Amino acid sequence: MSAAALAPTPQEPERPQDGARRAPRTAVVVGAGPAGLTAAVELADRGVRVTVLEARDRVGGRTRGIEVAPGRWIDAGAAYLGDRHTELHALLAACDLKTAPTTMLGASRFALAADGSQATADGRFPPLNAVALGDLFELLDELACSVRPEAPWLTPNAEELDAATAAEWAERNLSHPDARLFFPLFLGEMMAADPAKVSVLHMAFYLRSGGGLRFLNAFEGGAQQDRVAGGAHRLCERLARRLLDGGGVLRTGEPVLAVEQTGSEATVRTSGGSYRADAVVVAVPPLLADAIEFRPGLPVPRAASRTERGCAVKLNLVFPEPVWREHGLSGWSVNAAGPLLSTVDDTPPEGSPGVLTGFVTGAEAHRFAALPPAEQRAAAVAQARRLFPMLPEPIGFHLTDWVNEPWSRGCYAALFGPGDWSALGPTLTAPHGQVHFAGTETSTEFFGLLEGAIRSGRRAAAALLAP
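Residues numbered from 1 in each chain as written. Predicted model: local features only at pLDDT ≥ 70, side-chain atom pairs only at ≥ 80, totals over all residues. Heavy atoms only, no water.

1. Looking at the overall build of the protein chain
Then, number 1: Helices and strands together make up the secondary structure of the protein chain, namely 15 helices and 21 strands.
Then, number 2: The C-alpha atoms of the protein chain give 22 Å as radius of gyration, which agrees with the globular expectation for 467 residues (23 Å, within 12%).
Then, number 3: By principal-axis analysis of the C-alpha atoms, the protein chain measures approximately 70 × 50 × 40 Å.
Then, number 4: Relative to its 467 residues, the protein chain shows a buried fraction of 56%.
Then, number 5: Considering only contacts in the protein chain between residues 6 or more positions apart, those separated by 24 or more positions represent 72%.
Then, number 6: Of the roughly 18,500 Å² that the protein chain leaves accessible, carbon and sulfur atoms contribute 51%.
Then, number 7: Side-chain charges of the protein chain comprise 43 positive and 52 negative groups, with the mean position of each set lying 5 Å from the other. (Helix = DSSP H or I, 4+ residues; strand = E, 2+ residues; numbered from the N terminus. Rg over C-alpha atoms; globule rule 2.2 N^0.38 Å. Buried < 20%, exposed > 50% of the residue type's maximum accessible area, 1.4 Å probe, protein only. Contact = heavy atoms within 4.5 Å. Areas by Shrake-Rupley, 256 points an atom, 1.4 Å probe, with all protein chains shown as cover. Lys, Arg positive; Asp, Glu negative; His and termini not counted. Charge placed at Lys NZ, Arg CZ, Asp CG, Glu CD.)

Here it is in structure tokens:
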């Protein structure tokens, strides 16, 4: 049931009668992903008694680790970081975690022709019309630079940009067939988005928030330069251990059903019990937050009718060795037809086993996610072996369907459709009484990325602790 249905004319929760602003003594954090655990640890370090409630049977949120060999882990969810992700780097250092460079040595493979033929080329620039792609990137860069990243709904032409979809923008602005071909592939790689489902304002904001098109798209010197050694999921595991060692409480397998506020106290209800606290931090994606009953109801819902889940399915194909390297290939590919719209070498830093990761994004992710598991495996392996004919039969195959994952509702992040920024943007970070909101979708810095999640958790904790 939506928040609007629960409270057609919501009332603001009561505040202390003396009007004083008090730091909480107890807090409940909803969600044990990077945002929630960052907020929880920040609060606990300042003496707040914290309980974290997580619907899954694990911590990590949209990070997930898979052990592909004894002691060797890869990322089935969020993975990459760059030098500008300063809060993430600081937190990794505090948790005694290292980074490893993303390997991109060798030539790339491309299957972009209408007849399905393939090409091999140095670097990552596709064998398409360079002028057409250059014009596309210039248009996107100009569009991104026009957005106010701290408040995209206040961009001078926000109403116009928020009313149209990215697909409609492409139809109006891209005339060359190569630019039209590459645009949805690029948007799928960057945002896990179907151009028909996101607004132009959201597309432009995402690119600006993430550091610009060139930074987001780059490995060396960019947002995909490094990975967390041993897997990004280890960060949440370390944060959870730090919370527990400090006396905090973590309960997994307890989806939150309702948050009720009376006076200066909040009660969080789950299928397993009730938890009272002075403050609550809700650190889950907007579509999940909107499924929680808030009493009093929220003035504005967390998601709207055109808010979409991020369209991503991530596949990890495991081989005894990264044999593509022996043939001068990097493992990177871009493909016009699915299911694998791109691939990347995700081999652990130790050099084995070889891991080729495939991304199924945009509209293709929904189609592929609906197939039976045997058909998914057969299609993915067949395409990988067409791209890299030297591949043997994989010794492991791991599929993470983020589209239908019930406690994520998509990945990399929620996708804001037409009208969403105008309707939801002004209240994304606004507290509701004792309830504060975190999560990468509430960050106007590095929205959709691990860095955005961490910054949002710190912002929510700081707001609660402020005098």
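Picking up where we left off.
2. Some thoughts on unusual backbone geometry
Then, number 1: Here the amide bond leading from Arg-295 into Pro-296 is cis, since omega sits at -5°, within 30 degrees of zero.
Then, number 2: Structurally, the position occupied by Pro-296 is in the loop between β15 (293-295) and β16 (312-319).
Then, number 3: In this model, Cys-411 is joined to Tyr-412 through a cis peptide bond whose omega is 20°.
Then, number 4: Within the element layout of this structure, Tyr-412 appears in the loop between β20 (396-401) and α14 (420-424).
Then, number 5: Residue Arg-409 is not a glycine yet carries a positive backbone phi of 55°.
Then, number 6: Examined against the element boundaries, Arg-409 turns out to sit in the loop between β20 and α14.
Then, number 7: Within the chain, Phe-446 stands out as a residue other than glycine whose phi angle is a positive 60°.
Then, number 8: Along the polypeptide, Phe-446 turns up in the loop between β21 (435-437) and α15 (450-465).
Then, number 9: Phe-446 gets classed as buried once you look at its relative accessible area, which sits at 8%.

3. So, the sheet that holds strand β7 (residues 107-111)
Then, number 1: Across the sheet, seven strands lie side by side as β8-β7-β17-β18-β19-β16-β20; this open sheet has mixed pairing. Pairing within the sheet leaves two strands with one partner each, and these edge strands are β8 (119-121) and β20. Along the sheet, successive strands turn relative to each other by an average axial angle of 20°, direction set aside.
Then, number 2: Sheet analysis places β16 next to strand β19 (residues 354-361), joined by eight bridges and oriented antiparallel. The partner of Asn-316 across the bridge, within β19, is Thr-357.
Then, number 3: Across the face of the sheet, helix α7 (residues 177-191) comes into contact with β17 (329-335) and β19 while running at roughly 120° to β17.
Then, number 4: Contacts between helix α13 (residues 373-387) and the sheet are confined to β7, β16, β17, β19 and β20, with β20 contributing the most and set at about 115° to the helix. (Pairing = 2+ DSSP bridges. Axes fitted to C-alpha atoms, helices over the stretch in contact; angles between N-to-C directions.)

4. Things to note about the nonpolar core
Then, number 1: Core analysis: the biggest nonpolar cluster contains 79 residues, and Leu-136, Leu-140, Trp-169, Phe-183 and Met-203 have the highest contact counts within it.
Then, number 2: Take this core: its biggest share by element is eight residues, from α7.
Then, number 3: Excluding its chain neighbours within four sequence positions, the residues that come into contact with Trp-169 are Leu-136, Leu-139, Leu-140, Leu-143, Leu-174, Phe-183, Val-200 and Met-203.
Then, number 4: One finds Val-29, Val-281, Ala-283 and Leu-465 within the second-largest nonpolar core, a separate group that totals 37 residues. (Core = buried A, V, L, I, M, F, W, Y, C linked by side-chain atoms within 4.5 Å.)

5. Things to note about the confidence of the model for the protein chain
Then, number 1: Of all residues in the protein chain, 96% attain a pLDDT of 70 or more, and the chain-wide mean is 93.
Then, number 2: Here residues 1-19 is modelled with pLDDT under 50, and outside its nearest four sequence neighbours on either side it reaches 26 contacts, counting other chains as well. (pLDDT = per-residue confidence, 0-100.)

6. Considering the packing of aromatic side chains
Then, number 1: Scanning the model with the defined rule gives 15 aromatic pairs in all.
Then, number 2: Aromatic side chains Phe-182 and Phe-186 sit 6.3 Å apart centroid to centroid with 35° between the ring planes, which places their arrangement in the tilted category. Residue Phe-182 and its partner Phe-186 are both found in helix α7; the two are separated by four residues, about one turn of the helix.
Then, number 3: Classification of Phe-182 by relative accessible area gives buried; the value is 6%. (Phe/Tyr/Trp six-rings, centres within 6.5 Å; stacked < 30°, edge-to-face > 60°.)

7. Some remarks on α15
Then, number 1: Helix length check: α15 (16 residues) gives 23 Å between terminal C-alpha atoms against 22 Å at 1.5 Å per residue, within 8%.
Then, number 2: For α15, the complete set of buried residues consists of Leu-450, Glu-451, Gly-452, Ala-453, Ile-454, Arg-455, Ser-456, Gly-457, Ala-460, Ala-461, Leu-464 and Leu-465.
Then, number 3: The inward-facing, buried residues of α15 contact α2 (34-45), β5 (80-81), α3 (86-94), α10 (233-245), β14 (279-282) and β21. (Expected span 1.5 Å × (residues − 1).)

8. Re the packing of helix α4 (residues 130-145) against helix α8 (residues 200-209)
Then, number 1: It is at 8 Å that the axes of α4 and α8 come closest, and there the two elements cross at 90°. With respect to α8, the element α4 is oriented roughly perpendicular. Facing Leu-140, Leu-143, Ala-144 and Cys-145 of α4, the residues of α8 in contact are Val-200, Met-203, Ala-204, Leu-207 and Arg-208.
Then, number 2: Here the contact of α4 with α8 is built from residues that sort into eight nonpolar, no polar and one charged. (Parallel < 35°, antiparallel > 145°, perpendicular 65-115°, else oblique. Nonpolar A, V, L, I, M, F, W, Y, C, P; charged D, E, K, R; others polar.)

9. Here's the deal with the side chain of Ser-333
Then, number 1: Its place among the elements puts Ser-333 in strand β17.
Then, number 2: Engagement of the side chain of Ser-333 in a polar contact is seen with the side chain of Asn-335, the distance being 3.2 Å.
Then, number 3: A polar atom in the side chain of Ser-333 sits 2.7 Å from the side chain of Thr-343.
Then, number 4: In this view, Ser-333 contacts Arg-109, Leu-341, Ser-342, Thr-343, Leu-387 and Phe-388; residues no more than four positions away in its chain are not counted. (Polar contact = N/O pair within 3.5 Å; in protein donor to acceptor, adjacent residues only side chain to side chain.)

10. Observations concerning the pairing of β16
Residues in a regular strand point their side chains to alternate faces of the sheet.
Then, number 1: With eight of eight residues buried, β16 lies mostly within the body of the structure.
Then, number 2: Note: β16 against β20, six bridges, orientation antiparallel. Bridge pairing in β20 places Val-318 opposite Gly-396.

11. Brief notes about the packing of α2 against α15
How two helices sit against one another is set out by the angle between their axes and by the gap between those axes.
Then, number 1: One way to put it is that α2 packs onto α15 with a least axis distance of 7 Å and a crossing angle of 35°. As for how α2 packs across α15, the hand of that crossing is right-handed. Residues Pro-34, Ala-35, Thr-38, Ala-39, Glu-42 and Leu-43 of α2 pack against Leu-450, Ala-453, Ile-454, Ser-456, Gly-457, Arg-458, Ala-461, Leu-464 and Leu-465 of α15.
Then, number 2: Tallied by class, residues from the contact of α2 with α15 come to ten nonpolar, three polar and two charged. (Left-handed = near helix turned anticlockwise from the far one by under 90°.)

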